[in-house]
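Working through the structure, step by step
For reference, the chains in residue letters:
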Amino acid sequence: ATLVDIMRSQAERCFRSSIDAPNPERLNVTVRVRLNRDGSLAEPPVSTDAGRIRSSGDPFWLVAEERALAAIIDCSPYRLPAEQYSQWRLMDVTFRNDIF
């Protein structure tokens, strides 16, 4: 598993999927996460898709984005290999709503 996979598996414990929304496969959200060495958040997570999500006007995508951001916050701190900190201190994590 990659470092992103490890991070995603920990965050998905707190993620509420939008699988019941119309066309959940279109509701993927990528979140940029900056972490401290102890696995805590160095700053609030940011949706890299925010502009597209807002301009789409899709209320289901907005909810998916909110849920992805909340999952990153709620599941912090993350347990990742300390010796690889330089590789995971800044990560983009994609939440897919069609695979739950």
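Residues numbered from 1 in each chain as written. Predicted model: local features only at pLDDT ≥ 70, side-chain atom pairs only at ≥ 80, totals over all residues. Heavy atoms only, no water.

**With respect to the overall build of the protein chain**
- The helix and strand inventory of the protein chain stands at 4 helices and 3 strands.
- For the protein chain, the sequential pattern of α-helices and β-strands runs α-β-β-α-α-α-β.
- Counting only C-alpha atoms, the protein chain reaches 40 × 25 × 20 Å along its principal axes.
- Relative to its 100 residues, the protein chain shows a buried fraction of 40%.
- Excluding contacts between residues fewer than 6 apart, the proportion of contacts in the protein chain whose partners are at least 24 apart in sequence is 76%.
- Accessible area for the protein chain stands at about 5600 Å²; split by element, carbon and sulfur atoms hold 50% of it. (Helix = DSSP H or I, 4+ residues; strand = E, 2+ residues; numbered from the N terminus. Buried < 20%, exposed > 50% of the residue type's maximum accessible area, 1.4 Å probe, protein only. Contact = heavy atoms within 4.5 Å. Areas by Shrake-Rupley, 256 points an atom, 1.4 Å probe, with all protein chains shown as cover.)

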